[in-house]
Amino acid sequence: MTTDLYIATAGEVRLFEWAYQQRMPVMLTGPTGCGKTRFVEHMGRLLDRPVVTISCHDDLTSADLVGRFLVSGGDVVWTDGPLTRAVKSGAICYLDEVVEARHDSLAILHSLTDHRRTLFLDRAGEVVPAPGPFMLVCSYNPAYRSSLKELKPSFRQRFVTLSMDYLPPDREAEVIVAETAVNAAVATRLVHCAGTIRTADEVFGFEPPSTRVLVAAARLIAAGAGELEAAQACILAPLSSDGAIVQGLREIAVASLLTPGGTLE
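Read on for an overview of the structure. These figures come from a predicted structure and were not determined experimentally.

**With respect to the overall build of the chain**
Reasoning step 1: A count of helical and extended segments in the chain gives twelve helices and nine strands.
Reasoning step 2: Once the C-alpha set of the chain is aligned to its principal axes, its extents read approximately 70 × 40 × 35 Å.
Reasoning step 3: Residues counted as buried form 46% of the 265 residues belonging to the chain.
Reasoning step 4: Sequence separation of 24 or more characterises 70% of the internal contacts of the chain that already satisfy a separation of 6 or more.
Reasoning step 5: Of the roughly 12800 Å² that the chain leaves accessible, carbon and sulfur atoms contribute 53%.

Spelled out as structure tokens, the structure:
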């Protein structure tokens, strides 16, 4: 059983490698849970570079990214933030769900995403040129972001954009088997269940189930849970609290998880 399997689907590995060679920043777009983070981790291993991950949110400030002065042992000392550490060490810095960050916080990235490739620490009075191996990678889900949040076109155009999506059903089932050791038939039924719900997500108005939740359901099944029980806990329940919608989703799950003999395993 493996926990780091990544299956390429559309040449994204090759494009990422080319961008890395040309010292260009990359933007990953795609639905939540389709494997963007797994892909960055995979590329870190492939390129032999550490990955520094920063989870973006409303309260993320530029100081959270670059660093701040802190009191230590009676002295005031500058402490580097994760972005600064990533630049100095030549790591891959991954800003997950960058659309959630405040626009004024993202301004600090401008000088890293153009010809300068330099981080300016105004408060510390330091200029940090990015070494060759450093790479900035951001990700977000354009289809399900808040209508009040949007990345400025001028910011998006600084990046090479790689669009990602869920794996084809057979490959997604392969990932589930590899990560949980459930049999292929169980994995296939879980993927079929998710695929049916994904086609109805626009009607119901929720974010579709990710590969991540399918792996979670498969882990419960491997531990002894029934398929419908695991699907309810990991796939259906997180999608909606509306009783009518939950019932509709349950009916979809029951139909999707039926074996050829007409029973749930």
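**Focus: the sheet that holds strand 9 (residues 160–163)**
Reasoning step 1: Strands sit in the order 2-5-8-1-9 across an open sheet of five strands; the sheet is parallel. Each edge of the open sheet is held by one strand with a lone partner, namely strand 2 (51–55) and strand 9. With strand direction ignored, the average angle separating the axes of adjacent strands in the sheet is 20°.
Reasoning step 2: Bridge analysis of strand 1 (residues 26–29) against strand 8 (residues 135–140) gives four bridges, and the strand direction is parallel. Across the sheet, threonine 29 pairs through a bridge with tyrosine 140, a residue of strand 8.

**Some remarks on the packing of helix 8 (residues 184–199) against helix 11 (residues 227–236)**
Reasoning step 1: The interhelical angle for the contact between helix 8 and helix 11, taken along N-to-C directions, is 45°, at an axis separation of 12 Å. Regarding the angle of helix 8 to helix 11, the classification is oblique. By crossing handedness, the relation of helix 8 to helix 11 is classed as right-handed. Here helix 8 contributes Val186, Arg189, Leu190 and Ile197 to the contact with helix 11, which in turn contributes Glu227, Ile235 and Leu236.
Reasoning step 2: Of the residues in the contact of helix 8 with helix 11, the class split is five nonpolar, no polar and two charged.

**Overview of the pattern of salt bridges**
Reasoning step 1: For the structure shown, the criterion picks out eleven salt bridges.
Reasoning step 2: A salt bridge links arginine 38 to glutamate 179, with the nearest nitrogen and oxygen atoms 2.5 Å apart. Here glutamate 179 lies in helix 7 (residues 169–180) and arginine 38 lies in helix 2 (residues 36–47), a separation of 141 residues in the sequence.
Reasoning step 3: Relative accessible area serves as the criterion here: at 11%, glutamate 179 is assigned to the buried category.
Reasoning step 4: Here aspartate 64 makes a salt bridge to arginine 68, at a shortest N to O gap of 3.1 Å.
Reasoning step 5: A single network of salt bridges, built from pairs that share partners, joins Asp80, Lys88 and Glu126.

**So, the side chain of threonine 180**
Reasoning step 1: Examined against the element boundaries, threonine 180 turns out to sit in helix 7.
Reasoning step 2: With relative accessibility at 5%, the residue threonine 180 sits in the buried group.
Reasoning step 3: Polar side-chain contacts of threonine 180 include one of 2.7 Å to the backbone oxygen of isoleucine 176.

Definitions and cut-offs
Residues numbered from 1 in each chain as written. Predicted model: local features only at pLDDT ≥ 70, side-chain atom pairs only at ≥ 80, totals over all residues. Heavy atoms only, no water. Helix = DSSP H or I, 4+ residues; strand = E, 2+ residues; numbered from the N terminus. Buried < 20%, exposed > 50% of the residue type's maximum accessible area, 1.4 Å probe, protein only. Contact = heavy atoms within 4.5 Å. Areas by Shrake-Rupley, 256 points an atom, 1.4 Å probe, with all protein chains shown as cover. Pairing = 2+ DSSP bridges. Axes fitted to C-alpha atoms, helices over the stretch in contact; angles between N-to-C directions. Parallel < 35°, antiparallel > 145°, perpendicular 65-115°, else oblique. Left-handed = near helix turned anticlockwise from the far one by under 90°. Nonpolar A, V, L, I, M, F, W, Y, C, P; charged D, E, K, R; others polar. Salt bridge = Lys/Arg side-chain N within 4 Å of Asp/Glu carboxyl O. Polar contact = N/O pair within 3.5 Å; in protein donor to acceptor, adjacent residues only side chain to side chain.

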